[in-house]
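# Geometric and topological summary
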Amino acid sequence: MGNLKLSGDNNSILDLSVAKKYLVYVQDYPLTLDVAFPLFSWSLLFDDQHRFSGILSKITEEQLKNAALFNPLGNHLYQVKTDTTWQGYNLKRAATIRFESCSTQDLTKLASLISGRVPNCSTIIFYHLDSLTISKYSNDDLEKIYRTMH
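Before going into details, it helps to say that this report is about the structure given with it. Not measured: the values here are computed from a predicted model. Positions within a chain are numbered from 1, following the residues in the order the chain's sequence is written. In keeping with the model being predicted, local features are shown solely for residues with a pLDDT of at least 70 and side-chain atom pairs are shown and tallied solely at 80 or more, while totals for entire chains, interfaces and linings include all residues. As a convention, hydrogens and water are excluded, and side-chain values are obtained from all of the structure's heavy atoms.

Along the backbone of the protein chain there are 5 helices and 9 strands. In sequence order, the protein chain lays out its α and β elements as α-β-β-β-α-β-β-β-β-β-α-β-α-α. Residue exposure (1.4 Å probe, protein chains only): buried if accessible area is under 20% of the type maximum, exposed if over 50%, otherwise partly exposed. Split into buried and exposed, the 150 residues of the protein chain put 36% on the buried side. Residues are treated as being in contact if the distance between any of their heavy atoms lies within 4.5 Å. A fraction of 64% describes how many contacts in the protein chain between residues 6 or more apart in sequence connect residues 24 or more apart. Exposure was quantified through the Shrake-Rupley algorithm and a 1.4 Å probe, taking into account, for residues, occlusion by the shown protein chains and nothing else. Accessible surface computed for the protein chain: about 9000 Å², of which carbon and sulfur atoms make up 50%. The secondary structure listing takes helices from DSSP runs of H or I that are at least 4 residues long and strands from runs of E that are at least 2 residues long, numbered from the N terminus.

Now the structure itself:
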């Protein structure tokens, strides 16, 4: 939804201010739309010059809290302490990793924003539903998001 190549502490998976901009046009869209809620997370790698270097998949924020490898910079940002190969990724000293995910609260806010603005919404999708991703959300959380849409 947002610009994943933009360095800093933003969240490219879900940015509610960007969502609001899209919603201005949705009501007049002539086709039926489905709504998809992102449940996945990822980590984005930026080099020491803050240039986007790639997506690190299947990395948890807990793993990034490894003080031997990373310095926490705050707000889901971590700096690589030394050149290393970690989890199959080549990391250079001073590179930055930003962990991104969507909280239940943010997904519920998104559902509130969308509710009533997407005419004829027939399908609500939660993605990505692998066992690791889905375990981060309770059935009650997902039902609350779904109910907010209806």
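Structure shown, so let's carry the discussion forward.
Two strands qualify as a pair provided DSSP detects at least 2 bridges between them. Alignment of strand S2 (residues 42-46) against strand S3 (residues 52-56), held across 4 bridges, turns out to be antiparallel. Residue pairing across strands places Leu44 opposite Ile55, the latter belonging to S3. What sits between S2 and S3 in their antiparallel hairpin is a turn of 5 residues, with His50 showing a positive phi close to 70°.

Below, the discussion takes up the layout of surface pockets. In this structure, the largest pocket encloses a volume near 400 Å³. Considering the residues around the largest pocket, the lining is formed by 21 residues, among which Met1, Tyr22, Ala36, Leu110 and Ile114 are closest to the centre. Of all elements in the fold, only helix H1 (16-26), strand S1 (35-38) and helix H3 (104-114) reach the threshold of two or more residues within the lining of the largest pocket. In terms of residue count, the dominant contributor to the lining of the largest pocket is H1 (4 residues). Each residue receives one of three labels: charged for Asp, Glu, Lys and Arg, nonpolar for Ala, Val, Leu, Ile, Met, Phe, Trp, Tyr, Cys and Pro, and polar for the others, Gly being one of them. Residue classes in the lining of the largest pocket are distributed as 18 nonpolar, 2 polar and 1 charged. What the second largest pocket holds in volume is close to 240 Å³. Surrounding the second largest pocket, 13 residues form its lining, Phe40, Ser41, Lys58, Asp130 and Thr133 being those nearest its centre. Counted by class, the lining of the second largest pocket contains 5 nonpolar, 5 polar and 3 charged residues. Buried and open spaces are told apart on a 1 Å grid over the protein atoms alone, a cavity being a set of points where a 1.4 Å probe fits but cannot get out and a pocket being an open set with protein on both sides within 12 Å along at least five of seven lines. Residues with an atom within 4 Å of a point are the lining residues. Grid points are joined across faces, edges and corners, and a volume is the space filled by probe spheres set on the points.

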